[in-house]
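The residues making up each chain are set out below.
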Amino acid sequence: GQHNDARTATCIALTAAEEGATVCNYTEMTGIIRADRDKGKAVGIKCRDNLTGKEFEVRAKCIIFSGGPFTDSLRKLEDPDAKPAVAAAAGTHIVLPGYYSPEGIGLLDINTSDGRFLFFLPWQGFTIVGTTDRKGPVESTPEAPEQEIQWLLHEAEKYLAKDLKVRRSDVLSAWQGFRPLASDPNAPPGAPVSRDHIISTNPDTGITFITGGKWTTYREMAEDVLNKVLPRNGLGDKAGPCLTEHRPLRGGVGFTRNVPVQLVQEFGVSEETAKHLARTYGMNAFDVCKLTRPTEKKWPRFGSILIEGFPYLECEVEYACKKEMNCSVIDFLTLR
């Protein structure tokens, strides 16, 4: 199956909030609080609200670093001499028009001209082509390098009919992401990185970090790290067994494949929009539709389109701001 990774990450945070977690948006850790000034166990962290500039402290019995490709930057605040545990690998993807891939059919080549793999996948009416694999320092707002876009276009032409040309102007968008490949800090030089996750605890501070892994194992990662740190910090008998295996993400409870049909029948939105809302919000799509306004058209009767040619509704912006911790335009465009 396919999933929208940005949407999944947002739903994980929202689900945690539903379960009682305190989720802080735009909050940066700036330092460690230790029991005896610069020595002893860590008893909390220093934070800064990057929207307001306000600084504050959070005290805790147990601290876990789970920063993905940014994990080492957190560890450097704990120990400036910490050996790297993450070997970040950048991957570029491009989006092409939908006519480059038949609906429901994808292609994977595991042996391209330089040994990397490449895929063609239909995605929400378009075609995603990826990916590259380049080692380098992690960035929070990376841009897709032009040479990697050109490499993807060159490789893509090999799978198409000779009378078709993949043009640079066909690239509708491009982005670069980073994979947090795990690297054991105590391994010998040149040891291979891993796509599995690793968990390690600093004996001086008591802080545990987890890194590596992938989307398909995120629940296993969470369960593994909690099973390790809770007993060690005297919290095992209070927490009980991990429930992640049976806890659907936000909007998943009661969801069925008939939800899009129900949205069309109950709210008079278009079928394309109903499918988008169900795929994005699950059962919460009903709450989104309650915010729709009349279109003054024969059909669809409700749901003003945000961008012509796409199924997104104007009321999704309102819903994201009220119910999904949306703080900025970038938040909505990239993560909601």
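It should be noted that the structure appears before, not after, this text.
Residues numbered from 1 in each chain as written. Predicted model: local features only at pLDDT ≥ 70, side-chain atom pairs only at ≥ 80, totals over all residues. Heavy atoms only, no water.

**Student:** Tell me about the overall build of the protein, and name the residues and values.
**Tutor:** Secondary structure assignment for the protein yields 10 helices and 12 strands. Considering only contacts within the protein whose residues lie at least 6 apart along the sequence, 57% involve residues at least 24 apart. Accessible area of the protein: about 20,000 Å², with a carbon and sulfur share of 55%. Looking at the protein, you have 41 positive and 44 negative side-chain charges, and the mean spots of the two groups are 2 Å apart. (Helix = DSSP H or I, 4+ residues; strand = E, 2+ residues; numbered from the N terminus. Contact = heavy atoms within 4.5 Å. Areas by Shrake-Rupley, 256 points an atom, 1.4 Å probe, with all protein chains shown as cover. Lys, Arg positive; Asp, Glu negative; His and termini not counted. Charge placed at Lys NZ, Arg CZ, Asp CG, Glu CD.)

**Student:** How would you summarise the packing of aromatic side chains if you had to cite specific residues and measurements?
**Tutor:** Counted under the stated rule, the structure contains eight aromatic pairs. A centroid spacing of 5.9 Å and a plane angle of 20° characterise the contact between phenylalanine 126 and phenylalanine 310, whose relative ring orientation is stacked. Placement of the pair is phenylalanine 126 in strand β8 (residues 126-130) and phenylalanine 310 in the loop between α8 (285-289) and α9 (315-323), with a sequence separation of 184 residues. Through pairs of rings, three or more aromatic residues link up here, namely Phe126, Phe310 and Tyr312. One residue, arginine 75, lies across the ring of phenylalanine 209, its end atom 4.5 Å from the ring centre. (Phe/Tyr/Trp six-rings, centres within 6.5 Å; stacked < 30°, edge-to-face > 60°. Lys NZ or Arg CZ within 6 Å of the ring centre and 35° of its normal.)

**Student:** Tell me about the packing of helix α6 (residues 259-267) against helix α7 (residues 271-281), and name the residues and values.
**Tutor:** As a packed pair, α6 and α7 sit with axes 8 Å apart at the nearest point and diverge in direction by 130°. Taken as axis vectors, α6 and α7 run oblique relative to one another. When you trace α6 past α7, the crossing you get is right-handed. Here Val259, Pro260, Leu263 and Val264 of α6 come into contact with α7, specifically with Glu271, Ala274, Lys275, Leu277 and Ala278. (Axes fitted to C-alpha atoms, helices over the stretch in contact; angles between N-to-C directions. Parallel < 35°, antiparallel > 145°, perpendicular 65-115°, else oblique. Left-handed = near helix turned anticlockwise from the far one by under 90°.)

**Student:** Break down the environment of alanine 85 for me, citing the residues and quoting the values.
**Tutor:** When you line up the elements, alanine 85 lands in the loop between α2 (71-78) and β5 (86-97). Along the sequence, alanine 85 and glycine 130 sit 45 residues apart, while their C-alpha atoms lie 26 Å from each other. Contacts of alanine 85, omitting those with residues within four sequence positions, involve Asp72, Arg75, Leu181, Ala182, Ser183, Pro185, Ile198, Phe209 and Thr211.

**Student:** Account for α6, with residues named and values stated.
**Tutor:** Every buried residue of α6 is accounted for by Val259, Pro260, Leu263 and Phe267. Seen end-on, α6 carries its buried residues on one side only, within an arc spanning 105°. Tucked into the core, α6 has its buried residues touching α7 and α8. Of the residues one or two after α6, glycine 268 is the one with positive phi, at around 70°. (Buried < 20%, exposed > 50% of the residue type's maximum accessible area, 1.4 Å probe, protein only. Arc of directions from axis to C-beta.)

**Student:** Run through a nonpolar patch on the surface, naming residues and quoting values.
**Tutor:** Together, Leu306, Ile307, Phe310 and Val317 make up a nonpolar patch on the protein surface, roughly 280 Å² of accessible area in all. Residue placement: leucine 306 occurs in the loop between α8 and α9. Looking at leucine 306, the relative accessible area reads 34%, which means it is partly exposed. (Patch = residues over 30% accessible without salt bridge, like charges linked within 9 Å, V, L, I, M, F, W, Y side chains within 5 Å. Salt bridge = Lys/Arg side-chain N within 4 Å of Asp/Glu carboxyl O.)

**Student:** Give me the pairing of strand β7 (residues 118-123): which residues, what numbers.
**Tutor:** Relative to β7, strand β6 (residues 107-109) runs antiparallel, the two sharing three bridges. Counted as the bridge partner of aspartate 109 is leucine 118 from β7. Hairpin geometry of β7 and β8 is characterised by an intervening segment of two residues between the two adjacent antiparallel strands and by a positive phi of about 50° at glutamine 124. (Pairing = 2+ DSSP bridges.)

**Student:** Could you give an account of the side chain of glutamate 155, naming the residues involved and the relevant values?
**Tutor:** Residue position: glutamate 155 is located in helix α3 (residues 146-156). Dropping the residues within four chain positions of it, glutamate 155 is found in contact with Thr112, Ser113 and Leu118.

**Student:** Go over the pattern of salt bridges with me, naming the residues and quoting the values.
**Tutor:** In this structure the tally under the stated criterion is 18 salt bridges. A salt bridge links arginine 247 to glutamate 19, with the shortest nitrogen-to-oxygen separation between them at 2.6 Å. With arginine 247 in the loop between α5 (236-239) and α6 and glutamate 19 in the loop between α1 (5-18) and β1 (27-36), this residue pair connects regions lying 228 residues apart in the sequence. With its nearest N and O atoms 2.7 Å apart, the salt bridge here joins arginine 134 to glutamate 148. On the criterion of sequence distance, the pair formed by arginine 134 in strand β9 (residues 134-135) and glutamate 148 in helix α3 is long-range, its members being 14 residues apart. Of the residues examined, arginine 134 reaches a relative accessible area of 31% and is grouped as partly exposed. The exposure class assigned to glutamate 148 is buried, which follows from its relative accessible area of 5%. By sharing partners, the salt bridges in this structure join Glu18, Glu19, Arg247 and Arg250 into a single network.

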